[in-house]
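So you can see what is in the structure, the chains are spelled out below.
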Amino acid sequence: MSKEKPMRKLTIAFLFPLMFFAFALSSLSAQAEKSDLVKPEKSLDLDTPVDCGECHKRIYEEWVGTMHAHSTPAKNPMVKAYYDFLLKENYDTSKCDKCHVPFRALYPEEKDKNAKLFMDGVSCLFCHSVHGKNSGDNQGIDYYKLDFFKPITGPTKTDKSAHDSKFLGLYKHVDICSGCHQSGEAEYYAEGKSKSLCQQCHMPSMRKVKSAKNGPVREKVYQHLFEGGHSPILLSMAAIIEGKAQKKDGKTILHLKLENLSLHRIPIGFPLRAIYVKVTALDENDNPIWSNYKEHPKNEDPKSYFALSYPEEEAVYVHFVKNIKPIKDTRLEAASIKKLSYDVSSDKIAAFQVKLFYRLLPESVQKKLNMDEAVAQETLMSEETITID
Ligand code: HEC
Ligand code: HEC
Ligand code: HEC
Ligand code: HEC
Ligand code: HEC
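These remarks concern the structure in this document. (Residues numbered from 1 in each chain as written. Chains lettered and ligands numbered in written order. Predicted model: local features only at pLDDT ≥ 70, side-chain atom pairs only at ≥ 80, totals over all residues. Heavy atoms only, no water.)

1. Some points on the site of ligand 4
Formally: Note on definitions. A residue lies near a molecule or strand when any single heavy atom of the residue is within 4 Å of it. Nitrogen and oxygen atoms within 3.5 Å of one another constitute a polar contact, given that in protein one can donate a hydrogen and the other can accept it, and given that sequence-neighbouring residues count only through two side-chain atoms. The way it works is that DSSP assigns letters per residue, a run of H or I at least four long becomes a helix, a run of E at least two long becomes a strand, and they are numbered from the N terminus. Residues are grouped as follows: nonpolar covers Ala, Val, Leu, Ile, Met, Phe, Trp, Tyr, Cys and Pro; charged covers Asp, Glu, Lys and Arg; every other residue, Gly included, is treated as polar.
Surveying the vicinity of ligand 4 reveals 24 residues, the closest of which are His68, Cys177, Cys180, His181 and Gly229. Histidine 68 places a side-chain nitrogen or oxygen 2.8 Å from a nitrogen atom of ligand 4. With respect to ligand 4, the side chain of arginine 273 contributes an N or O atom lying 3.0 Å from an oxygen atom. Among the elements of the structure, α6 (94–100), α10 (175–178) and α12 (198–202) are those that each provide at least two residues to the shell around ligand 4. Its residues placed into classes, the shell around ligand 4 shows 12 nonpolar, 10 polar and two charged.

2. Here's the deal with the sheet that holds strand β2 (residues 130–133)
The pairing of strands in a sheet happens through backbone hydrogen bonds and is either parallel or antiparallel. The condition that has to hold: At least two DSSP bridges between two strands are required for those strands to pair.
Pairing is mixed in the open sheet, where three strands are placed in the order β1-β3-β2. A single partner strand is all that each edge strand has here, and the edge strands are β1 (37–38) and β2.

3. Focus on the coordination of the iron atom of ligand 2
Selection criterion: Distances decide who is a donor: an N, O or S atom must be within 2.8 Å of the metal, or within 3.2 Å for Na, K and Ca. Water is not included, so sites may look incomplete. Only two sets of limits are used to name each site, 85 to 135 degrees for every angle of a tetrahedral four-donor site, and over 155 degrees for opposite donors with all other angles from 65 to 115 for a square planar four-donor or octahedral six-donor site, with any other site named irregular. Whether a residue is buried, partly exposed or exposed follows from its accessible area with a 1.4 Å probe, protein chains only, as a fraction of its type maximum: under 20%, in between, or over 50%, in that order.
All of the protein donors around the iron atom of ligand 2 are His56 (NE2) and His163 (NE2); their distances to the metal are 1.9 to 2.0 Å. Around the iron atom of ligand 2, the six donor atoms sit at angles spanning 87 to 179°, and that spread fits a shape best called octahedral. With histidine 56 in the loop between α3 (49–53) and α4 (57–63) and histidine 163 in the loop between β4 (152–154) and β5 (165–167), this pair connects stretches of sequence that are 107 residues apart. The exposure class assigned to histidine 56 is partly exposed, which follows from its relative accessible area of 24%. With relative accessibility at 16%, the residue histidine 163 sits in the buried group.

4. Considerations on the coordination of the iron atom of ligand 3
Bound to the iron atom of ligand 3 on the protein side are His202 (NE2) and His264 (NE2), at distances that span 2.0 Å. The coordination sphere of the iron atom of ligand 3 comprises six donor atoms, whose angles at the metal cover 84 to 177°; the geometry is octahedral. Remark: histidine 264 occurs in the loop between β9 (251–260) and β10 (274–282) and histidine 202 occurs in helix α12; sequence separation between them is 62 residues. Relative accessible area serves as the criterion here: at 15%, histidine 264 is assigned to the buried category.

Below, the structure is given as structure tokens:
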């Protein structure tokens, strides 16, 4: 860490006692205003992920590829399309900033809307400056007690040679995530049906590596991968599909078993996600001769479509704009098994090809937002070929 660009004010404070006095004063005045938020006057005085990455290189490299680093309209075309659409309708998108651009929400008076920290989204310094949570049902930045002058918080008591740090129990709880993730991900945990933390699957641990290049080799560290609906790898682990097929009385019957391996409902999170099954019957030359849908599974084979359904013209507003109740909820419950069967009137079938797909956004909403098809293409979650017994 260079002394010209110290990582946080408290560290400078140790180096320059005079400045400490000034900062302690500014921190006190900030505290008098609102005790759950203590911040320097300008966002420029805060460290960016690149600064943290000087020493925490591996963690930086993990984080920079995540949706947390791409949560802002500047970095995420889907978020940008939403912001643009809502701005045209005179909606106040600073409400969205509370989770998507947390530092812009912390510095609403700053004019430079492209300041580095405003582009970075959910950055290192945001999570690691959390010192507790507020009571009530606040969202995003207002859910957390934030203090940018106190030592950085983390899950361990660490060596403090590089900077001061402090153990905080919240890192071993879902609440470090549920201030912003309020779409039911934490329900099973809250209801006691699951004891697994979000971190277990979204920040998997690794053994015997360093956490900082100038720190010791650690027994255990946590990968900052935050994989979700944008990650084909995580999606491939979210569910398994198995099947059996037999011929009977000139028909071919397929039985499928779909198991949710995640510890929450799937799809979860952003309410417009969908998971669906595509079944194609193949003849002995591998030519397709039947499928469960041609254009859209939701209309043609609703039992194979797992999602929340909303009135089509309202769907674009369901994520934090208007309180719209879904008409139907066909998502897969946590750790549940779903059975599907198909009766196809053909005895020419040699095998069924079964594909499980995930989609980030329905086509109808994509059209409404003027979005490129490529932004929310379907992702293949898994694929099976089931031959006839
Ligand atoms: C969304 C919140 C979040 C963001 C963003 C985040 N962290 Fe973390 N970080 C955590 C949590 C939660 C843990 C603890 C995980 C656990 O204990 O299971 C953690 C653990 C750590 C640790 C502990 C040791 C280790 O190696 O696992 C370090 C160091 C760390 N983070 C640094 C960083 C840096 C540097 C960045 C940015 C490049 C960053 N974090 C971004 C939430 C976050
Ligand atoms: C000059 C190098 C350096 C810089 C810059 C730096 N760190 Fe660290 N950090 C360290 C070292 C060394 C440790 C102790 C590592 C250990 O014990 O494994 C540490 C520990 C931590 C911990 C405690 C981990 C735990 O398990 O509780 C967190 C969290 C953390 N740093 C986050 C950050 C964040 C966020 C930034 C940027 C705002 C940052 N660090 C900048 C070197 C640095
Ligand atoms: C047992 C593993 C597991 C645990 C524990 C877990 N998840 Fe997940 N999570 C998954 C899998 C697998 C997926 C991919 C399926 C999907 O996106 O629906 C996923 C998807 C997600 C997504 C992506 C949603 C989207 O809109 O793209 C988010 C966000 C998420 N989880 C947050 C959480 C939070 C927050 C917690 C803790 C309250 C948590 N998860 C606990 C396995 C887990
Ligand atoms: C300051 C708010 C905030 C906090 C705290 C936070 N997240 Fe997020 N997270 C977001 C936002 C906003 C997105 C959506 C980014 C996007 O796609 O634009 C997101 C995306 C994700 C995704 C990826 C979803 C996808 O679509 O692929 C996962 C997984 C995730 N977060 C897990 C976590 C976990 C685990 C924690 C706690 C350790 C956490 N988040 C804490 C705001 C937050
Ligand atoms: C309380 C926090 C919160 C608020 C407020 C919020 N979001 Fe989100 N948003 C998230 C999280 C977290 C995700 C990731 C999926 C999930 O868990 O819901 C997300 C996902 C998204 C996505 C999907 C991005 C992707 O890459 O797939 C878009 C688009 C989006 N939000 C736009 C908005 C807009 C526009 C607003 C304001 C009307 C808004 N959000 C308000 C937390 C929030």
